[in-house]
Protein chains: 2
Amino acid sequence: MRVSGSQNMTKSNKTASYQAFIDLIGAQNVIQDDDPAQKPFLEEWRGLYHGRTPLVLLPQSTEQVAAIVRLAQETSTPLVTQGGNTGLVGGQIPDEDNRQIVLSLKKMNRIRTFDPVSASLTAEAGVILQHVQDYALKHNLFFPLSMASEGSCTLGGNLATNAGGINVLAYGNMRDLTLGLECVTASGEIISALSPLRKDNAGYDWKQLLIGSEGTLGIITAATVKLFPRPKGQATAFIALDSPAKALALFTLMRRRAGFSLTSFEIMPRFGLDLILTHIKGARDPFKEPAPWYVLCDITSLEDQDRAQTQLQSLIQEGWDNALINNAVFSQSEEQRQALWLLRERLSEAQKLEGGSIKHDISVPLNTIPDFLHKADQLARALVPGCRPLPFGHMGDGNIHFNVSQPVSMAKEDFLQFWEPMTESIHALVTELQGSIAAEHGIGRMKRSALALAKNDAEMALMRRIKAAFDPNGIFNPHKIV
Amino acid sequence: MRVSGSQNMTKSNKTASYQAFIDLIGAQNVIQDDDPAQKPFLEEWRGLYHGRTPLVLLPQSTEQVAAIVRLAQETSTPLVTQGGNTGLVGGQIPDEDNRQIVLSLKKMNRIRTFDPVSASLTAEAGVILQHVQDYALKHNLFFPLSMASEGSCTLGGNLATNAGGINVLAYGNMRDLTLGLECVTASGEIISALSPLRKDNAGYDWKQLLIGSEGTLGIITAATVKLFPRPKGQATAFIALDSPAKALALFTLMRRRAGFSLTSFEIMPRFGLDLILTHIKGARDPFKEPAPWYVLCDITSLEDQDRAQTQLQSLIQEGWDNALINNAVFSQSEEQRQALWLLRERLSEAQKLEGGSIKHDISVPLNTIPDFLHKADQLARALVPGCRPLPFGHMGDGNIHFNVSQPVSMAKEDFLQFWEPMTESIHALVTELQGSIAAEHGIGRMKRSALALAKNDAEMALMRRIKAAFDPNGIFNPHKIV
C-alpha cells in the first residue's frame with residue numbers, strides 16, 4: 001500500500017522536485033540539507049532518534065500546506081509533519097534515508113479567533129501551548145492542557161498525539177478539549193471543520209481519527225478548542241502514605257467528594273523524592289520522616305482560594321480518619337504551592353541526572369495499579385539486578401510512567417541494552433492487566449512493533465484499512481503507528 | 001460501492017438464506033415476516049417512517065451477532081441494527097423493499113461488569129438507558145445521559161447517535177461518556193476494546209468513528225461508560241426574561257461563576273408555556289405576568305442541597321443586578337423541582353397535541369443564537385403565514401429544537417407539505433451561521449441529502465472513503481448518512 005518515496009526517481013528528477021517544493025513557498029521558508037540549521041528538526045531532545053531530510057519546509061498558511069501535499073502526491077514524496085519536536089516516541093523525526101521531507105508548522109502560529117460567549121478559540125497548529133494558556137488567562141478564561149513541555153510543544157503536536165498531562169482528571173485529554181479542526185487531506189484538499197459547536201452529529205466525526213494519529217492520516221493545520229472558567233483558587237497537598245493501595249483508596253474517597261474540583265492526583269515513590277532532593281536545587285523534604293509513597297493533589301475552586309483550601313483540608317482529614325495517610329502538608333501560598341509541585345514536575349530531569357533510564361508510558365485500570373506496581377518492580381529487578389524503578393505519574397488517570405534508572409555501578413550503555421527485553425516484559429504485564437502500552441505519548445516509531453503485539457489481528461487490520469482510506473499512497477509519516 | 005442486497009438471488013435462494021439466519025440463533029429469537037409482532041420494529045413512533053423486513057433477528061450474544069454478520073456478508077444481505085426504536089431521523093427503520101433484515105439488540109441487555117474504583121460499568125448495547133442510570137444510583141454513582149426517551153431508548157442507540165440530552169453542558173455527549181467499545185466489524189470479527197482506561201493512545205481511535213455512525217460502519221455490541229459522583233443537591237430556577245440575548249448574557253455569567261455546577265440551561269418562548277398550560281394536566285404558570293422568553297436551569301452540588309440552592313440564588317441575584325431577568329422562581333423541594341421541569345420536558349408532547357409540526361434539530365455558535373432565532377422565525381412565517389414557531393432546547397449547548405406548529409386553521413397534511421422547503425431554508429440559515437443541521441438526533445434517512453448540501457465535496461468524499469473502509473460491501477444500514 002505504501003509508495004516507497006522517491007526511490008525510483010533519478011537524481012536529477014529528485015533535485016528538480018525539491019526545487020519545486022522550494023518554489024512553492026519561497027527559499028526563505030525552506031532549510032536545505034547542507035544547512036546546519038536543519039539540526040534542531042532532525043534530533044529528538046533525548047538523542048534517541050536521529051533522521052535526515054533533503055528539506056525542512058516551513059509553510060506560513062494552510063493553502064501552502066495544501067500545495068505542498070499536492071506536490072508530494074505527484075512526486076511520491078513522504079512528508080513528516082512536525083510541531084515543537086518534543087515528542088517522546090520518535091513520531092516527529094524522519095528516517096535516515098534522506099528522502100522524507102520535514103513539514104514544520106512552526107510558522108503557522110496565529111490565534112485566529114476568540115469567542116468569549118462560546119468560550120473557545122481557534123488557533124493554528126504551530127502555536128505554542130503556553131501561548132494558548134496565556135491568551136486564555138488574559139481573557140479571564142482557562143485552557144487546562146498542561147505538561148512539562150508546554151513552553152515549546154505546539155497545539156498541532158498536542159492534537160496529533162492526543163496529549164494528556166496533569167489536568168486530565170477534571171478536563172480530559174486533548175481530544176476532549178477539541179471542538180473543531182481544519183486539515184489537509186492526502187489529496188491536498190482543505191477541510192475546514194473549525195467550529196465552536198458542542199453538539200454536532202452531521203455525519204462521521206472523522207476529526208476524531210485525526211486526533212492522536214501522529215501525522216499519519218492528514219495534516220492538522222488549525223483547531224478550535226474549548227476554554228473554561230478561570231479558577232479562582234487552587235490548594236495543593238503533599239501527602240505521605242504507606243502504599244499504592246492506600247493512595248488508591250484516598251483517590252476514590254476524594255473523587256467521590258470533590259468530583260471535577262479534584263484536578264490533579266499524582267503519585268511517586270520515596271526513590272523519586274530522593275532523586276529530587278539530590279539533584280534539584282531548592283528542593284526540600286516536606287516531612288521529617290521518610291515514607292514509602294507520596295501523593296500530590298490539587299483542589300480547584302471557581303469561587304475563591306479559601307474554599308479550595310477548606311475543601312482540601314476536610315478531604316485530608318477524612319483520609320486521616322480512615323487511616324489512609326501518614327502525614328500531609330498544605331500549601332498556604334502560591335509560592336508554597338510551586339515548591340510542592342517542583343517535587344513532582346522535575347522528576348524526569350532529576351532522573352536524567354542519575355544516568356540511563358528505560359521508560360514506559362502506560363495506563364492500567366485503576367484497581368490494578370497496586371498489582372501493576374508490585375509486579376513491574378519485580379520484573380525489572382529480575383531482569384537487571386540493582387536497577388532502580390521510579391514509577392510515578394497521573395494515578396487518577398491510571399497513567400504511570402514506569403521509568404527504570406540504571407544500577408549505580410553499571411555503564412549507561414550496558415543498561416540501555418536491556419531496553420527491548422525490559423519493555424517487552426512490562427508491556428506484556430500491561431496487556432495482561434488490560435492496560436494500554438501508550439497512555440499519553442503515542443506510538444510513533446518506538447512502539448510500532450509493540451502495538452501489533454498488543455492488539456488483535458482484527459483491530460490491526462481495521463487500523464490498516466483506516467490508514468489506506470485516509471492516505472492511500474502512504475505519503476504521511478510513513479512507518480509510524482501502522 | 002454498495003451491493004444491492006439480495007436482488008440477484010432467486011426466491012428459493014432467498015428463502016434458504018433466511019432459514020440459515022433462523023438456524024443461527026433459533027426460531028425463538030426471530031420474528032418472521034408474516035408475524036404481526038414485527039410491527040413495533042418497522043414503524044417509528046411518530047409514524048414518519050415505515051419499513052418492511054423478512055426477519056427481525058434478536059440475538060442474545062456478541063458471538064451470535066458476529067455469526068449473523070458473516071452470513072449477511074456471504075449472502076449480501078443488508079442489516080439494519082436497531083435499539084429501542086426511539087430515533088427521530090429514521091436511521092433504525094428498514095426500507096420498503098423487504099430485503100433488509102432488522103437486527104434488534106434488545107435481548108443483549110446485561111450489565112456485564114461494574115468497577116467502582118475506575119467509576120465505570122460495562123453494559124451490552126440493548127440495555128435501556130434508565131437501567132444504566134438506576135444501576136449507577138444504586139451504587140451511589142451517577143450516569144448523566146438523560147433525555148425524554150430514557151425509559152425505552154438503549155445504550156447502543158445512544159452510542160450509534162452520539163446522544164445528547166439535558167446534561168451535556170457539564171458532562172458532554174455520549175461520546176464523552178464512553179471509555180471503551182466492543183463491536184462486530186463488517187467481516188464478522190469481534191473487536192473487544194472494552195476498557196475503563198481514561199488515557200489510551202495505542203493506535204487509531206476507531207471507536208470514535210463508530211460512535212455517531214448510526215449502524216453504518218459496524219455493530220456496537222457493548223460499551224464501557226464513565227460514571228460520576230452522585231450529586232447531593234440540585235436546585236432549579238424558572239426565569240422570565242425579555243429576549244434570547246438576555247438569556248445568553250445570563251448563561252455566560254452563570255457559567256463563568258459556576259463552571260461544571262451549571263448542569264442545565266434550557267430556553268423556551270412564551271408560546272411553549274402556553275401550549276403546556278393548555279395541554280398538560282397539572283401544569284401551572286409560575287408567574288402572574290407573561291414574559292416573552294423563559295429559561296430553566298439547574299445548579300448541582302456534590303456537597304448538599306443547601307449549597308446548590310445558595311449558589312443558584314446568588315447567581316440569579318447577579319442576573320437581577322445586571323438587569324437580565326424579569327422574574328424568577330426557585331424550587332424549594334424535589335416536588336417543586338419536578339413541577340418546574342415538567343414545563344420543559346413535556347413540550348414535545350404538548351406541541352404534538354397542537355397539530356402538525358415541522359421539526360429541526362440544529363446547533364449554532366452561541367453568539368449567533370439571537371440572530372438565528374429572529375431570522376428563522378421570519379423565514380418560517382414568510383413561507384407559511386400563520387405558522388407558529390416553537391424554538392426551545394439546550395441553549396447552553398447552542399442546540400435549538402426549532403419546531404414549527406401548523407397554523408390553527410390549516411389541515412395538518414397541507415402544512416406538512418411544507419416540510420422540505422421549510423427545512424431547506426432553515427438549514428441554509430444554519431449553514432450560513434456555521435452551525436450544524438444535526439445536533440443530537442443524527443442524519444439517518446431524513447437528513448441524508450441535507451448533509452451532502454451542508455458539507456463540502458472534500459468532506460463528503462472523506463466520509464465515503466470511511467464508509468468503504470469499514471463496510472466495503474455496504475451491508476450495514478444502507479442509504480443512511482452517506
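Residues numbered from 1 in each chain as written. Chains lettered and ligands numbered in written order. Predicted model: local features only at pLDDT ≥ 70, side-chain atom pairs only at ≥ 80, totals over all residues. Heavy atoms only, no water.

J.: Any chance you could explain the overall build of chain A here in plain terms?
T.: Assigned secondary structure in chain A consists of 18 helices and 19 strands. In terms of principal-axis extent, the alpha carbons of chain A reach across some 75 × 55 × 45 Å. A buried classification covers 62% of the 482 residues belonging to chain A. Partitioning the intrachain contacts of chain A with sequence separation of at least 6 by distance along the chain shows that 73% fall at a separation of at least 24. Within chain A, one finds 46 positive and 50 negative side-chain charges whose respective centroids are separated by 1 Å. (Helix = DSSP H or I, 4+ residues; strand = E, 2+ residues; numbered from the N terminus. Buried < 20%, exposed > 50% of the residue type's maximum accessible area, 1.4 Å probe, protein only. Contact = heavy atoms within 4.5 Å. Lys, Arg positive; Asp, Glu negative; His and termini not counted. Charge placed at Lys NZ, Arg CZ, Asp CG, Glu CD.)

J.: When you look at the sheet that holds strand β1 (residues 30-32) of chain B in this model, what are you seeing that I'm missing?
T.: Note on sheets: strands pair through backbone hydrogen bonds, and any given pair is parallel or antiparallel. Residue and element names in this part refer to chain B. The four strands lie next to each other as β1-β2-β4-β3, forming an open sheet whose pairing is mixed. The strands lining the two open edges of the sheet, one partner per strand, are β1 and β3 (79-82). Neighbour-to-neighbour, the strand axes of the sheet open up by a mean angle of 20°, direction not taken into account. Alignment of β1 against strand β2 (residues 55-57), held across three bridges, turns out to be antiparallel. Across the sheet, Val30 pairs through a bridge with Leu57, a residue of β2. Sheet strands touched by helix α3 (residues 62-74): β2, β3 and β4 (101-104). Its angle to β3, the strand with the most contacts, is close to 155°. (Pairing = 2+ DSSP bridges. Axes fitted to C-alpha atoms, helices over the stretch in contact; angles between N-to-C directions.)

J.: Just checking my understanding: could you explain the nonpolar core for this structure?
T.: For soluble globular proteins, the rule of thumb is that nonpolar side chains tend to be buried together. Judged by nonpolar contacts, the single largest core of 97 residues is most densely connected at A:Phe143, A:Trp206, A:Phe470, B:Phe143, B:Trp206 and B:Phe470. Residues in contact with B:Trp206, not counting those within four places in the same chain, are A:Leu209, A:Glu459, A:Leu462, A:Met463, A:Ile466, B:Leu181, B:Cys183, B:Ile191, B:Ala193 and B:Phe470. (Core = buried A, V, L, I, M, F, W, Y, C linked by side-chain atoms within 4.5 Å.)

J.: Help me understand the packing of aromatic side chains, please; the structure alone is not making it clear to me.
T.: Where two aromatic rings form a pair, the distance of their centres and the angle of their planes describe that pair. All told, the structure shown has 21 aromatic pairs over all chains when counted by the stated rule. Centroid distance A:Phe260 to B:Tyr171: 5.8 Å. Interplanar angle 45°. Geometry classified as tilted. Residue A:Phe260 is found in the loop between α9 (244-258) and β13 (262-269), and its partner B:Tyr171 is found in helix α6 (residues 168-171); the two belong to separate chains. In textbook terms, an aromatic cluster arises when at least three aromatic residues are bridged by ring pairs, as seen for A:Phe142, A:Tyr171, A:Phe228, A:Phe260, B:Phe142, B:Tyr171, B:Phe228 and B:Phe260. A cation over a ring is seen here: B:Arg46 above B:Trp45, with NZ or CZ 6.0 Å from the ring centre. (Phe/Tyr/Trp six-rings, centres within 6.5 Å; stacked < 30°, edge-to-face > 60°. Lys NZ or Arg CZ within 6 Å of the ring centre and 35° of its normal.)

J.: I keep staring at the pattern of salt bridges and nothing clicks. Help me out?
T.: Here the idea is simple: oppositely charged side chains can pair when their charged atoms come close. Residues and elements named next belong to chain A. Inspection of the entire model under this criterion finds 48 salt bridges over all chains. Put simply, Glu124 and Arg110 hold a salt bridge, and the shortest N to O gap is 2.8 Å. Of this pair, Glu124 sits in strand β6 (residues 120-124) while Arg110 sits in the loop between β4 (101-104) and β5 (111-115); the two residues are 14 residues apart in sequence, bridging distant segments of the chain. Residue Arg110 is classed as partly exposed on the basis of its relative accessible area of 49%. (Salt bridge = Lys/Arg side-chain N within 4 Å of Asp/Glu carboxyl O.)

J.: Help me out: how do you make sense of the relation of the copies chain A and chain B in this one?
T.: Turning one copy of the chain about an axis and sliding it along that axis gives the other copy, so a rotation and a shift relate them. Screw-axis analysis of chain A against chain B gives a translation of 0.0 Å along the axis, an RMSD of 0.0 Å, and a rotation angle of 180°. The transformation relating the two chain copies, once decomposed into turn and shift, fits a two-fold axis. (Least-squares fit on C-alpha atoms with pLDDT ≥ 70 in both.)

J.: How should the interface of chain A and chain B be read in this particular structure?
T.: Note on interface size: it is often stated as the accessible area lost on association of the parts. Between chain A and chain B, the contact holds 82 residues from the first and 82 residues from the second. A combined buried area of about 7,000 Å² lies between chain A and chain B, and 55% of that area is made up of carbon and sulfur atoms. Of all residues in chain A, the largest losses of buried area upon contact with chain B belong to A:Lys199, A:Asn201 and A:Tyr204, amounting jointly to 15% of the total for that side. Remark: the boundary between chain A and chain B carries eight salt bridges. With its nearest N and O atoms 2.2 Å apart, the salt bridge here joins A:Arg307 to B:Glu303. Inspection of the region where chain A meets chain B yields 40 residue pairs in polar contact (both at pLDDT 80 or more). Put simply, the parts of the chain that give the side of chain A that touches chain B at least two residues each are α6 (168-171), α7 (174-177), β9 (190-193), α8 (207-210), β11 (228-229), α9, α11 (305-321) and α18 (457-470) of chain A. The element that contributes the greatest number of residues to the side of chain A that touches chain B is α18(A), accounting for nine residues. Looking at the side of chain A that touches chain B residue by residue, the classes come out as 37 nonpolar, 25 polar and 20 charged. (Buried area = accessible area lost by both parts, 1.4 Å probe. Polar contact = N/O pair within 3.5 Å; in protein donor to acceptor, adjacent residues only side chain to side chain. Nonpolar A, V, L, I, M, F, W, Y, C, P; charged D, E, K, R; others polar.)

J.: In this structure, what is going on with the confidence of the model for chain A? I would like to understand it.
T.: Detailed reading of the predicted coordinates is not advisable wherever pLDDT is low. Chain-level pLDDT for chain A is 95 on average; 98% of the residues reach the 70-or-more range. In the model output, the complex is listed with pTM 0.95 alongside ipTM 0.94. (pLDDT = per-residue confidence, 0-100.)

J.: Got a minute to help me understand the packing of helix α14 (residues 369-383) of chain A against helix α16 (residues 419-432) of chain A in this structure?
T.: In a pair of packed helices, the angle between the axes and the distance between the axes together describe the arrangement. Residue and element names in this part refer to chain A. Direction vectors running N to C along α14 and α16 enclose 160°, while the axes themselves pass 10 Å from each other. Between α14 and α16, the angle falls in the class roughly antiparallel. For the crossing formed where α14 meets α16, the hand is right-handed. Within the contact between the two elements, α14 uses Phe372, Lys375, Ala376, Leu379, Ala380 and Leu383 and α16 uses Pro421, Met422, Ser425, Ile426, Leu429, Val430 and Glu432. (Parallel < 35°, antiparallel > 145°, perpendicular 65-115°, else oblique. Left-handed = near helix turned anticlockwise from the far one by under 90°.)

J.: Looking at this structure, I do not really get the side chain of A:Thr75. What am I missing?
T.: Positionally, A:Thr75 belongs in the loop between α3 (62-74) and β3 (79-82). Looking at A:Thr75, its side chain comes within polar contact range of the side chain of A:Thr77, at 2.6 Å.

J.: Which parts of the structure should I look at to understand the side chain of B:Asp471?
T.: Residues and elements named next belong to chain B. Within the secondary structure, Asp471 sits in the segment after α18 (457-470). On the basis of relative accessibility, which here comes to 1%, the residue Asp471 falls in the buried class. Of the polar contacts made by the side chain of Asp471, one reaches the backbone nitrogen of Ile475; its length is 3.1 Å. In this structure Asp471 touches Ala186, Thr216 and Phe476, once residues within four positions along its chain are discounted.

J.: What's the story with the sheet that holds β9(A) in this structure? I'm lost.
T.: Residues and elements named next belong to chain A. Spatially, the five strands line up as an open sheet ordered β5-β6-β10-β8-β9, and their pairing is antiparallel. Among the strands making up the open sheet, the edge pair consists of β5 and β9. Strand-to-strand, the axes of this sheet are offset by a mean angle of 15°, without reference to chain direction. Sheet topology note: the strand β8 (residues 178-184)/strand β10 (residues 219-226) ladder contains six bridges and is antiparallel.

J.: Would you take a moment to explain the pairing of strand β19 (residues 399-405) of chain B for this structure?
T.: Each regular strand displays side chains that alternate between the two surfaces of the sheet. All names here are of chain B. Taken across its seven residues, β19 has seven buried, putting it largely inside the fold. Because side chains alternate across β19, one face comprises the buried residues Asn399, His401, Asn403 and Ser405, and the other comprises Ile400, Phe402 and Val404, equally buried. Judged from the two bridges that link them, strand β16 (residues 357-358) and β19 form a sheet pairing that is antiparallel. When the bridges of β19 are listed, Ile358 appears paired with Val404. Bridge count between strand β18 (residues 388-394) and β19: seven bridges; the pairing is antiparallel. Note that in β19 the partner of Leu390 across the bridge is Asn403. Taken together, β18 and the strand that follows it, β19, pair antiparallel across an intervening segment of four residues, in which Gly398 is found at a positive phi of about 70°.

J.: Sorry, what's going on with the environment of A:Gln234 here?
T.: Residues and elements named next belong to chain A. With respect to the helices and strands, the residue Gln234 is situated in strand β12 (residues 233-241). Residue classification places Gln234 among the partly exposed positions, given a relative accessible area of 22%. Sequence-wise, Gln234 and Asp35 are 199 residues apart; in three dimensions their C-alpha atoms are separated by 47 Å. Setting aside chain neighbours within four positions, we find Gln234 in contact with Thr263, Asp298, Ile299, Thr300, Gln305, Ala308 and Arg337.

J.: So what exactly am I meant to see when it comes to helix α16 (residues 419-432) of chain B here?
T.: Three- or four-residue spacings in an α-helix give side chains the same orientation, since the helix completes a turn every 3.6 residues. Residues and elements named next belong to chain B. Taking 1.5 Å as the rise per residue, α16 with 14 residues should run 20 Å; its terminal C-alpha atoms sit 20 Å apart, in good agreement. Buried residues in α16 make contact with β16, β17 (361-363), α14 (369-383), β19, α15 (412-416) and α17 (448-454). Gln434, located one to two residues past α16, shows a positive phi value of around 60°. (Expected span 1.5 Å × (residues − 1).)

J.: What's the story with unusual backbone geometry in this structure? I'm lost.
T.: All names here are of chain A. The residue Asn477 is not glycine, and still its phi comes out positive at about 45°. With a relative accessible area of 1%, Asn477 lands in the buried category. Backbone geometry places His479, a non-glycine residue, at a positive phi of 65°. The topology assignment puts His479 in the segment after α18. By relative accessible area, His479 is classed as partly exposed at 39%.

J.: Could you clarify how one ought to interpret helix α4 (residues 129-138) of chain A in this entry?
T.: Residue and element names in this part refer to chain A. Within α4, burial applies to Leu129, Val132, Gln133, Tyr135 and Ala136. Each buried residue of α4 sits inside an arc of 165° when the element is viewed along its axis, so together they form one side. Just downstream of α4, Asn140 is the residue with a positive phi angle, here 60°. (Arc of directions from axis to C-beta.)

J.: Please clarify how the packing of α9(A) against α11(A) should be interpreted in this entry.
T.: All names here are of chain A. Contact geometry of α9 with α11 gives a least axis separation of 10 Å together with a crossing angle of 140°. Judged by the angle between their axes, α9 and α11 are oblique. The element α9 and its partner α11 pack so that their crossing is right-handed. Counted together, Leu250, Leu253, Met254, Arg257 and Ala258 of α9 and Gln311, Leu312, Leu315, Glu318 and Gly319 of α11 form the full contact between these two elements.

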